[in-house]
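# Residue-level structural notes
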Amino acid sequence: MALALSVSTAMQACLTGVLLDLEANMPPSVTSLNFAQMCEQSELREKRNRQNAQTLEAKAAERGIPVETLTGIDHSRGVIGFLADHARLHDLLVIGADGTGLMSDRMIAENVLFEAGRPMLVAPADFAGPFSGRKIAVAWDNSRVAARAMGDALALFPQVQEIVMIVVGDEKTIQSSLTASDVEHTLARRGISAKVQHVLAQARPVGDVLQAQAEAVEADLLVMGGFAHSRLRDVILGGATLSVLKAPRMPVLLSH
């Protein structure tokens, strides 16, 4: 909620809050509750959702952000389909990355990222704001998805003044006809200060390296392309993307 409000303020955007009872259809064998107890728990969750919706509406009103809230779901499309339908009509989806529960924020994020066709902003659990979006770090490997992610970030946040393009040097070879100076010069023509930084993973998970470097340069946001390496299940994420989703330490924009 804090990140969605901060981003809406920075973007001068309207906001739709989706607060759902995702455990409503959990089978009794999982919860060890009888039907009456499950109904009671569901009512409590729905009450909490309505209270959270009212809190969001009040906080948005304080900031002058136009807001709508949804606390129900059309189950004919399923949770992923429902959220993807709404996300497709918005510029950005903001979501948490908590991994608890049968249908966690993280599981939803992993699936909606590849279904919605819109960029996704993942919130760290302890985010309290503010969000300026003036300095961003981009995980750069000259790939299509990296370019798409950076383009989405620049379109969403025209206030960006500085970009640090992080290249993990021992991860893979970048195929490009451009030098780092060429890249920096081209972005500078847009009025953006840009710098390409090469770092070594040295056996560390690439997601950890990217986040550590983004923190080191004091970026407001880490921008990454979302990779799907396999379809053995609905979505199997690339290692760096999955690593960041498991434990985001700063706001992370994912685009596919």
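Residues numbered from 1 in each chain as written. Predicted model: local features only at pLDDT ≥ 70, side-chain atom pairs only at ≥ 80, totals over all residues. Heavy atoms only, no water.

### Some details on the side chain of Q159
Put simply, the rule reads: The secondary structure listing takes helices from DSSP runs of H or I that are at least 4 residues long and strands from runs of E that are at least 2 residues long, numbered from the N terminus. In the analysis that follows, any N or O atom pair within 3.5 Å is treated as a polar contact, provided that within protein one partner can donate a hydrogen and the other can accept it, and provided that, for residues neighboring in sequence, both atoms belong to side chains. Contact definition: two residues touch when any of their heavy atoms are within 4.5 Å.
Checked against the element boundaries, Q159 lands in the loop between α6 (144–156) and β6 (162–168). At 2.9 Å, the side chain of Q159 and the backbone oxygen of S132 are in polar contact. With residues near it in sequence (within four places) discarded, Q159 still touches A10, S132, G133 and R134.

### Some words on the nonpolar core
For soluble globular proteins, the rule of thumb is that nonpolar side chains tend to be buried together. Stated formally: Residues belong to a common nonpolar core when they are buried Ala, Val, Leu, Ile, Met, Phe, Trp, Tyr or Cys residues joined through side-chain atoms within 4.5 Å. Throughout this description, buried means an accessible area under 20% of the type-specific maximum (1.4 Å probe, protein chains only), exposed means over 50%, and partly exposed covers the range between.
Judged by nonpolar contacts, the single largest core of 37 residues is most densely connected at M120, V122, L210, L222 and M224. With six residues, helix α5 (residues 105–116) is the largest single contributor of residues to this core. Look past the residues within four positions of L222 in its chain and what remains in contact with it is A137, A139, L210, Q211, A214, M250, P251, V252 and L253. Formed by 29 residues, the second largest nonpolar core is a distinct cluster that contains L92, F127, W140 and A149.

### Brief notes about the sheet that holds strand β3 (residues 93–95)
Put simply, the rule reads: Here, any two strands with at least 2 DSSP bridges between them count as paired. Where helices are involved, their axes are fitted lines through C-alpha atoms of the stretch in contact, as for all axes, and angles between N-to-C directions lie from 0 to 180°.
In spatial order, the strands read β3-β4-β11-β8-β5-β6-β7; together these seven strands make up an open sheet with mixed pairing. Among the strands making up the open sheet, the edge pair consists of β3 and β7 (193–199). Here the average twist between neighbouring strands, direction ignored, is 25°. Sheet topology note: the strand β5 (residues 135–139)/β6 ladder contains five bridges and is parallel. The partner of V138 across the bridge, within β6, is M165.

### Some words on the pattern of salt bridges
For side chains of opposite charge, pairing can occur when their charged atoms come near one another. The cut-off we apply is this: We define a salt bridge as a side-chain nitrogen of Lys or Arg found within 4 Å of a carboxyl oxygen belonging to Asp or Glu.
On inspection of all chains with the given rule, the structure shows five salt bridges. In this structure, K135 and E162 form a salt bridge, with 3.6 Å as the shortest nitrogen-oxygen distance. With K135 in strand β5 and E162 in strand β6, this residue pair connects regions lying 27 residues apart in the sequence. Residue D152 is joined to R148 by a salt bridge in which the shortest nitrogen-to-oxygen separation is 3.3 Å.

### Some thoughts on the environment of L178
Here L178 lies in the loop between β6 and α7 (180–188). Separated by 65 residues in the primary sequence, L178 and L113 have C-alpha atoms spaced 30 Å apart.

### With respect to the confidence of the model for the protein
Heads up, the condition is: Per-residue confidence from the predictor is reported as pLDDT, a score between 0 and 100.
Scored by pLDDT, the protein has a mean of 86; 90% of the residues are at 70 or more. Scored below 50 in pLDDT, residues 229–237 shows 16 contacts in the model against residues more than four places distant or in partner chains.

### Quick word on α6
Note: α-helices contain 3.6 residues per turn, so residues at a spacing of three or four share the same orientation. To keep it simple, the criterion reads: By this rule, a helix spans an expected 1.5 Å times one less than how many residues it contains.
Helix length check: α6, at 13 residues, gives a terminal C-alpha distance of 18 Å against a target of 18 Å (1.5 Å per residue), a fit within 8%. By the burial criterion, the buried members of α6 are V145, A146, A149, M150, D152, A153, L154 and L156. Looking at the buried side of α6, the elements it contacts are α1 (2–11), β5, β6, α7, β8 (221–225) and β11 (252–255).

### With respect to α1
Within α1 the residues assigned to the buried category are L3, A4, L5, S6, V7 and S8. In the stretch just after α1, Q12 is the one whose phi turns positive, near 55°.

### What to know about the side chain of N49
Counting through the fold element by element, N49 comes out in helix α3 (residues 35–63). A distance of 3.3 Å separates a polar atom in the side chain of N49 from the backbone oxygen of L20. Those residues in contact with N49 that sit more than four places away from it in its chain are L19, L20, D21 and T71.

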